[in-house]
Amino acid sequence: KKDPLHILYKKIVEKENQIIKDLSKKNKTQLVDCDLLIPRKKEYFLDTIHFSIEGMKILAKLIAASIRI
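Residues numbered from 1 in each chain as written. Predicted model: local features only at pLDDT ≥ 70, side-chain atom pairs only at ≥ 80, totals over all residues. Heavy atoms only, no water.

Across its full length, the chain carries 3 helices and 0 strands. Helices (α) and strands (β) of the chain occur, in sequence order from the N terminus, as α-α-α. C-alpha extents for the chain along the principal axes are approximately 45 × 30 × 15 Å. For the chain, the residues scored as buried account for 17% of the 69 residues in total. Contacts spanning at least 24 positions in sequence make up 34% of the contacts within the chain whose residues lie at least 6 apart. Within the structure as shown, the chain displays about 6100 Å² of accessible surface, and the carbon and sulfur contribution to it stands at 62%. (Helix = DSSP H or I, 4+ residues; strand = E, 2+ residues; numbered from the N terminus. Buried < 20%, exposed > 50% of the residue type's maximum accessible area, 1.4 Å probe, protein only. Contact = heavy atoms within 4.5 Å. Areas by Shrake-Rupley, 256 points an atom, 1.4 Å probe, with all protein chains shown as cover.)

Pasting the structure below:
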């Protein structure tokens, strides 16, 4: 976590997440804030950014649960 590349990626992802939140609010669209909902555990990530298969399963469940039929 002290690696400069990790720190840079973290800043980029945080900025990206904030932009998505701002756009959702501006466009009055529902947002599933997976950044807050998916635990930062090793088994859910391949690296510092990309979800593992288990992380993708959680992501899919969170999004599916938010869809209104």
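Still more to cover.
Most peptide bonds adopt trans geometry, and most residues besides glycine take a negative phi value. The phi dihedral of Lys28 is positive, around 55 degrees, even though this residue is not glycine. Looking at Lys28, the relative accessible area reads 77%, which means it is exposed.

Core analysis: the biggest nonpolar cluster contains 5 residues, these being Cys34, Ile38, Tyr44, Phe45 and Leu59. Leaving out residues up to four positions away in the same chain, Cys34 has contacts with Leu59 and Leu62. (Core = buried A, V, L, I, M, F, W, Y, C linked by side-chain atoms within 4.5 Å.)

What follows concerns the confidence of the model for the chain. Keep in mind that low pLDDT regions are not for reading the predicted coordinates in detail. Looking at the chain as a whole, its pLDDT mean stands at 92, while 97% of the residues score no less than 70. Ranking the helices and strands of the chain by mean pLDDT puts helix α3 (residues 53-66) first, with 95, and helix α2 (residues 34-37) last, with 90. (pLDDT = per-residue confidence, 0-100.)

The next point concerns the packing of aromatic side chains. Across all of its chains, the model carries 1 aromatic pair by this definition. Centroid distance Phe45 to Phe51: 5.1 Å. Interplanar angle 35 degrees. Geometry classified as tilted. Look at Phe45 and you get buried, because its relative accessible area is 14%. (Phe/Tyr/Trp six-rings, centres within 6.5 Å; stacked < 30°, edge-to-face > 60°.)

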